Amino acid sequence: MEGSRLLRARMGQPGPLLVGGAHDGLSSILVREAGFDAVWASGFEISAAHGVPDANILTMSDNLRAAAVMVEASGIPVVADCDNGYGNAINVIHTVRAYEREGIAAICIEDNVFPKRCSFYAGVKRELAPVEEHVGKIKACLDTRRNDDFAIIARTEALIAGWGMDEALLRGRAYADAGADFVLIHSKSPEADEVLGFAERWDRETPLVCVPTIYKSAKASVLADAGFRMIIYANHGLRSSIKAMREAFALLVKDQMTGAVEHMVVPLNDVYELIGVPKMKREERDYLPAGGVDVGAVLLAAGASPELGDLVKDRPKAMLDIKGKPLIAHQMSALNAAGIKDISAVVGYRHEAVKATNLKTIVADSSGGELESLMRAASDLDRRTMIAYGDILFDTDLVERLLQTDGDIVVVVDRSNASERPGRDLVKTGGDEGANGRSLTGRQTDTLEAIARDLPGANGEWIGMMMVSADGAKKLVATYEDLVGKGADKPLHQAKSLKEAALTDLLQELVARGASIRVVDTYKGWMEIDTFEDYRRAWSQVD
Ligand code: SPV
Ligand code: MG
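Residues numbered from 1 in each chain as written. Chains lettered and ligands numbered in written order. Predicted model: local features only at pLDDT ≥ 70, side-chain atom pairs only at ≥ 80, totals over all residues. Heavy atoms only, no water.

1. Structural notes on the domain arrangement of the protein
Now for step 1: What the domain assignment reports for the protein is domain 1 (2–234), domain 2 (243–275) and domain 3 (283–541).
Now for step 2: With centres defined by C-alpha atoms, the gap from domain 2 to domain 3 works out at 45 Å. (Domains from an automatic or database assignment.)

2. Some remarks on the site of ligand 1
Now for step 1: Close to ligand 1 lie 13 residues; Trp40, Ser42, Phe44, Asp81 and Arg155 are nearest.
Now for step 2: The side chain of Trp40 places a nitrogen or oxygen atom 2.9 Å from an oxygen atom of ligand 1.
Now for step 3: Here an oxygen atom of ligand 1 and a side-chain polar atom of Ser42 are 2.6 Å apart.
Now for step 4: Protein contacts shield 99% of the accessible area of ligand 1, which totals 280 Å² for the unbound molecule.
Now for step 5: Looking at the shell around ligand 1 residue by residue, the classes come out as 5 nonpolar, 5 polar and 3 charged. (Near = heavy atom within 4 Å. Polar contact = N/O pair within 3.5 Å; in protein donor to acceptor, adjacent residues only side chain to side chain. Areas by Shrake-Rupley, 256 points an atom, 1.4 Å probe, with all protein chains shown as cover. Nonpolar A, V, L, I, M, F, W, Y, C, P; charged D, E, K, R; others polar.)

3. Structural notes on the sheet that holds strand 2 (residues 38–41)
Now for step 1: Pairing in this closed barrel of 8 strands is parallel, and the strands run 1-2-3-4-5-6-7-8 around the ring. Neighbour to neighbour, the strand axes of the sheet diverge by 25° on average, direction disregarded.
Now for step 2: Relative to strand 6 (residues 182–185), strand 5 (residues 151–156) runs parallel, the two sharing 4 bridges. Along strand 6, the bridge assignment pairs Arg155 with Leu184. (Pairing = 2+ DSSP bridges. Helix = DSSP H or I, 4+ residues; strand = E, 2+ residues; numbered from the N terminus. Axes fitted to C-alpha atoms, helices over the stretch in contact; angles between N-to-C directions.)

4. Points about the packing of aromatic side chains
By convention here, two paired aromatic rings are described through the distance between centres and the angle between planes.
Now for step 1: The final tally for this structure, using the stated rule, is 3 aromatic pairs.
Now for step 2: Consider the rings of Phe198 and Trp202, whose centres lie 5.5 Å apart with planes at 20°: the pair is stacked.
Now for step 3: Accessibility expressed as a relative area gives 0% for Phe198, which makes it buried. (Phe/Tyr/Trp six-rings, centres within 6.5 Å; stacked < 30°, edge-to-face > 60°. Buried < 20%, exposed > 50% of the residue type's maximum accessible area, 1.4 Å probe, protein only.)

5. Some remarks on the environment of Ala48
Now for step 1: Take Ala48: it is sitting in helix 3 (residues 43–49).
Now for step 2: On the basis of relative accessible area, Ala48 is assigned to the partly exposed category, the value being 38%.
Now for step 3: Once the C-alpha coordinates of Ala48 and Asp314 are considered, the two residues, 266 residues apart in sequence, prove to be 63 Å apart.

6. Considerations on the side chain of Glu110
Now for step 1: Relative to the assigned elements, Glu110 resides in strand 4 (residues 106–110).
Now for step 2: What makes Glu110 buried here is its relative accessible area of 1%.
Now for step 3: For Glu110, the side chain forms a polar contact with the side chain of Asn112, separated by 3.0 Å.
Now for step 4: With sequence-adjacent residues up to four places away left out, Glu110 is seen in contact with Asp81, Asp83, Asn84, Lys116, His134, Arg155 and Glu157. (Contact = heavy atoms within 4.5 Å.)

7. Looking at the state of the cysteines
Now for step 1: Tallying each qualifying case throughout the model produces 0 disulfides.
Now for step 2: Cysteine Cys210 is unpaired, with the sulfur of Cys108 as its nearest cysteine sulfur at 12 Å. (Disulfide = S-S within 2.5 Å.)

8. Notes on helix 6 (residues 131–144)
Now for step 1: Across its 14 residues, helix 6 extends 20 Å between first and last C-alpha, which sits within 8% of the 20 Å expected from 1.5 Å per residue.
Now for step 2: Among all positions of helix 6, only Val131, His134, Val135, Lys137, Ile138, Ala140, Cys141, Leu142 and Thr144 are buried.
Now for step 3: For helix 6, the secondary structure elements touched by its buried residues are helix 5 (89–101), strand 4, strand 5 and helix 7 (164–178). (Expected span 1.5 Å × (residues − 1).)

9. Description of the nonpolar core
Generally speaking, nonpolar side chains in soluble globular proteins are found buried as a group.
Now for step 1: One finds Met386, Phe394, Met465 and Met466 to be the most contacted residues of the largest nonpolar core, which totals 71 residues.
Now for step 2: Look past the residues within four positions of Phe394 in its chain and what remains in contact with it is Gln331, Ala334, Leu335, Met386, Ala388, Val399, Met465, Gly525 and Trp526.
Now for step 3: Residues Ala41, Ile107, Ile109 and Trp202 belong to the second largest nonpolar core, which totals 56 residues. (Core = buried A, V, L, I, M, F, W, Y, C linked by side-chain atoms within 4.5 Å.)

10. Things to note about the environment of Val484
Now for step 1: Examined against the element boundaries, Val484 turns out to sit in helix 16 (residues 470–486).
Now for step 2: C-alpha of Val484 to C-alpha of Lys499: the two residues are 15 residues apart in sequence and 8.9 Å apart in space.

11. Digging into helix 5
Now for step 1: When the terminal C-alpha atoms of helix 5 are compared, their 18 Å separation across 13 residues agrees well with the 18 Å that a helix rising 1.5 Å per residue should span.
Now for step 2: For helix 5, the full list of buried residues reads Val92, Thr95, Val96, Ala98, Tyr99 and Glu100.
Now for step 3: Summarising the contacts, the buried residues of helix 5 are in contact with helix 4 (60–74), strand 3 (78–81), strand 4 and helix 6.
Now for step 4: Downstream of helix 5 by one or two residues, Gly103 has phi in the positive range, about 80°.

12. What about the packing of helix 4 against helix 5?
Now for step 1: Running from N to C, helix 4 and helix 5 point in directions that differ by 20°, and their axes come no closer than 10 Å. Between helix 4 and helix 5, the angle is such that the two are roughly parallel. The chirality of how helix 4 crosses helix 5 is right-handed. Between helix 4 and helix 5, the residues in contact are Met60, Asn63, Leu64 and Ala67 and His94, Thr95, Ala98 and Tyr99, respectively. (Parallel < 35°, antiparallel > 145°, perpendicular 65-115°, else oblique. Left-handed = near helix turned anticlockwise from the far one by under 90°.)

13. Brief notes about the pairing of strand 9 (residues 295–301)
Now for step 1: Counting buried residues in strand 9 gives 7 out of 7 residues, a clear majority hidden from the surface.
Now for step 2: Across the two faces of strand 9 the burial is the same, with Val295, Ala297, Leu299 and Ala301 and Gly296, Val298 and Leu300 all buried.

14. Concerning the pattern of salt bridges
Now for step 1: Taken as a whole, this structure holds 39 salt bridges when the rule is applied.
Now for step 2: Measuring nitrogen to oxygen at the nearest pair gives 3.0 Å for the salt bridge that ties Asp391 to Lys317. Taken together, the positions of Asp391 in the loop between strand 14 (384–389) and strand 15 (392–394) and Lys317 in the loop between strand 9 and strand 10 (321–322) put the pair 74 residues apart, joining distant regions of the chain.
Now for step 3: Since its relative accessible area comes to 6%, Lys317 is described here as buried.
Now for step 4: Residues Arg383 and Asp342 are paired through a salt bridge, measuring 3.0 Å at the closest nitrogen-oxygen approach. Here Arg383 is found in the loop between helix 14 (370–376) and strand 14, whereas its partner Asp342 is found in strand 12 (residues 342–347), with 41 residues between them in sequence.
Now for step 5: Taken together, the salt bridges that share partners define one network made up of Asp54, Asp83, Glu110, Lys116, Arg155 and Glu157. (Salt bridge = Lys/Arg side-chain N within 4 Å of Asp/Glu carboxyl O.)

15. Notes on the pairing of strand 4
Now for step 1: With 5 of its 5 residues buried, strand 4 lies for the most part within the structure.
Now for step 2: Residues Ala106, Cys108 and Glu110 point to one face of strand 4 and Ile107 and Ile109 to the other, with burial holding for every one of them.
Now for step 3: With helix 5 bridging strand 3 and its parallel neighbour strand 4, the resulting β-α-β unit is right-handed.
Now for step 4: As defined by bridge partners, strand 4 adjoins strand 5 across 5 bridges and the pair is classed as parallel. Bridged to Ile109 within strand 5 is Ala154.
Now for step 5: Handedness of the strand 4-helix 6-strand 5 crossover: right-handed. (Right-handed = clockwise from strand over helix to strand, strands pointing away.)

Rendered as structure tokens:
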């Protein structure tokens, strides 16, 4: 609901409206959090936050911008302090249009001349506009507003300027009779006697507003009983934050260590909650391409590759140059483009040569196999993770397809040429789609039945790429640990020992234990770099 309507609706309920002063988005959020009915976009606070006196030094646009930020951030009605309307009645017309357009609930216009002086500055030149001039401004407000709920608060500074109670009442009545929705009587008396005296003599229906800054001991209930319907706590947020910041800064300069102020500051998470980071995370999930911060990737790049001869004399395959960029950098680009930024590589052979920006490297034990390499990264397997061999090139589309799957363990299978690829990781899959493994819907209903090198009756090749959910990752690690418990020297499927085992051996073990491993089909979008011929092909095919 619009702020002006909310404010009007609140006026229909019992009790005074409590309004908290703020100067920016965060302070307005704190006003809402505390339970105030509305935010007071305080000229005093906004000026102070800009480091200048409250004396019409900031322009209407400066104040409007600050108030509009508060409307957006707080989500509760904003009552804007518009000083004297920033000029004469003609300026006021533009002020009303602009503030109403920004969703402000109410504006307050005081009878100070332009340029105004803050009500509390002592020893400064203080003049009031003639009463007729201010009545003209109030009429201009009422004639200009498009929506009658947009409330106009007419404020008199007669008591502040020392013009006496009779003048204050004369002005208040004139503004009420002109049609103002509220009359604000301001006072700098240390006691509430002045405003209570004013309220006692108030003889109009128009509700009263007060700002108990200097008269500190008047409780809202007392002011409400006297007839005040809106009570503005105008600047206490800003003043308390000055105190807190001053103390924290002094301690930081003294101790030169952030721990010194830890007891004085809110945790970072508190800030995140206040400014909507959890909501932004939900929006990221809803509207950004799949992937993002919650998904990691582990690349297995530890092995030596003697078949590539001199090409890998001083570097591992991951650092093979393909069109001016190492193989691993191509992998990282494809992952990054799909939103996966948190990437680790398990490295081994010539590991000191593996360098890439934003890549975490984990050094594997050179005597171990592929599975042991992966388990070196076990601490990274604490969330949804893409796992891939370090010697394959893949494109972003393939990563995105994997991200769209929802199984706990999902492997990518190439359906072309399975039988013609001896020595490869072959698979047998089964499911409810056609005999050739194609599915019209594109959904992965196929599951892995067997995986091994040189598998008779294979209907596809595992490309060395898989996605595990957080649960799937846990299952992978738990199964490995269970196997370790049974003896690292024991054979595991095609491996002589667990220590030498490949990832395929663990996948086969998971199948044997009844795990459901889903399959995503592909016919293109990847390439293995195993031989000189593969390397030559990569140069011709990579953009
Ligand atoms: C403000 O907050 O800017 C006000 C209220 O106008 S007071 O500072 O008390 O005058
Ligand atoms: Mg003000």
